[in-house]
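# Observations on the model geometry
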Amino acid sequence: MAVNSTGNTSAADIYSSLNTTQTKATSEIDKAQNRFLMLLTTQLKMQDPLNPMDNAQVTSQLAQISTVDGISKLNSTLEKLTSSSADSQHLQAAALVGHAVLVEGSALELVNGKSMGGIELTSPADRVTVSVKGANGVLVKEINLDARDAGITQFVWDGTDMAGTAVAEDGKYSFTVSAIQGTQKLVTTPLELAVVQSVERSGGQTRLNVGQQSLVSMNDIKQIY
């Protein structure tokens, strides 16, 4: 495949390579069909006139080659649909670059005295409590969210400690979540706020670079801002 002066393969070269591959595949199918029909014609010519081939046998053999051809075409169609779907997902992911998203994680970034995170609940909770912790794991602040419905909910931390005093500096913090329904403790998923920095595609899979979380898939994104 040709490479341009910058060392990159051009789009035209890629399309040309794809077309060549598809043409070769189609050619192989056509050759197989022609060989089959030639053998069938020869078999019919050489058959015993007193014991001719049964029509059902001919029909069966023709059906077999038609089935093979149909499966080949179906596979080709599915490959095109899969490729088209992957291209569409990549374009959708590219549109998210620069956007803030919620993904699974427990990190909090305090900027200018403000921070935000999220929680995913599988069922309604009577009381939800967010515990903000410093880099050393020491509790800094507890945020009571009261009752919350099932689904995704956000919380905001104003950068103050338990006494209501602003913490010494911005930076990296973490949080844990406790949710209770009646006397039962619920399973929760902490969600951290991140910014989509870039999009990568490898092995047909689209991944988004969101900084601390490294690479995540489109399915990992819980909410977009």
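Attention in this report is confined to the structure presented alongside it. Small disclaimer: the values here were computed from a predicted structure and weren't measured. (Residues numbered from 1 in each chain as written. Predicted model: local features only at pLDDT ≥ 70, side-chain atom pairs only at ≥ 80, totals over all residues. Heavy atoms only, no water.)

## Points about the overall build of the protein chain
The test is simple: Secondary structure elements follow DSSP: runs of H or I of four or more residues count as helices, runs of E of two or more count as strands, with numbering from the N terminus. Residue exposure (1.4 Å probe, protein chains only): buried if accessible area is under 20% of the type maximum, exposed if over 50%, otherwise partly exposed. Whether two residues are in contact is decided by their heavy atoms: any pair within 4.5 Å suffices. The accessible surface values rely on the Shrake-Rupley method and a 1.4 Å probe; as for residues, cover is taken only from the protein chains in view.
The helix and strand tally for the protein chain stands at 2 helices and 13 strands. In the protein chain, buried positions account for 24% of the 225 residues. Considering only intrachain contacts with a sequence separation of at least 6, the fraction spanning at least 24 residues in the protein chain is 64%. Put simply, the protein chain shows about 14,500 Å² of open surface, and 53% of that area lies on carbon and sulfur atoms.

## Examining unusual backbone geometry
Phi angles above zero are rare outside glycine, and Asn-112 is one such case at about 55 degrees. With respect to the secondary-structure elements, Asn-112 resides in the loop between strand 2 (107-110) and strand 3 (115-121). You can call Asn-112 exposed: its relative accessible area is 69%. A positive phi is found at Asp-146, a non-glycine position, where the angle reads about 60 degrees. Tracing the backbone through its elements, the reader meets Asp-146 in strand 5 (residues 139-148).

## Quick word on the sheet that holds strand 10 (residues 198-202)
Put simply, the rule reads: A pair of strands is labelled paired if DSSP reports no fewer than 2 bridges between them.
One open sheet holds the 3 strands; their spatial order is 10-11-12, and the pairing between them is antiparallel. For this open sheet the edge positions go to strand 10 and strand 12 (215-216), each flanked by a neighbour on one side alone. Two elements, strand 11 (residues 205-209) and strand 12, share 2 bridges in a ladder whose sense is antiparallel. Opposite Asn-209, over in strand 12, you have Leu-215 as the bridge partner.

## Considering the nonpolar core
Put simply, the rule reads: Residues grouped as a nonpolar core are buried Ala, Val, Leu, Ile, Met, Phe, Trp, Tyr and Cys residues, joined through side-chain atoms within 4.5 Å.
Membership of the largest hydrophobic core comes to 19 residues, with the highest contact counts inside it found for Ile-119, Val-128, Val-130, Phe-155, Trp-157 and Tyr-173. Listed by contribution, the elements that provide at least two residues to this core are strand 2, strand 3, strand 4 (125-133), strand 5, strand 6 (151-157) and strand 7 (171-181). If you look at the next biggest cluster of nonpolar residues, it comprises 10 residues, including Ala-93, Val-196, Val-216 and Ile-221.

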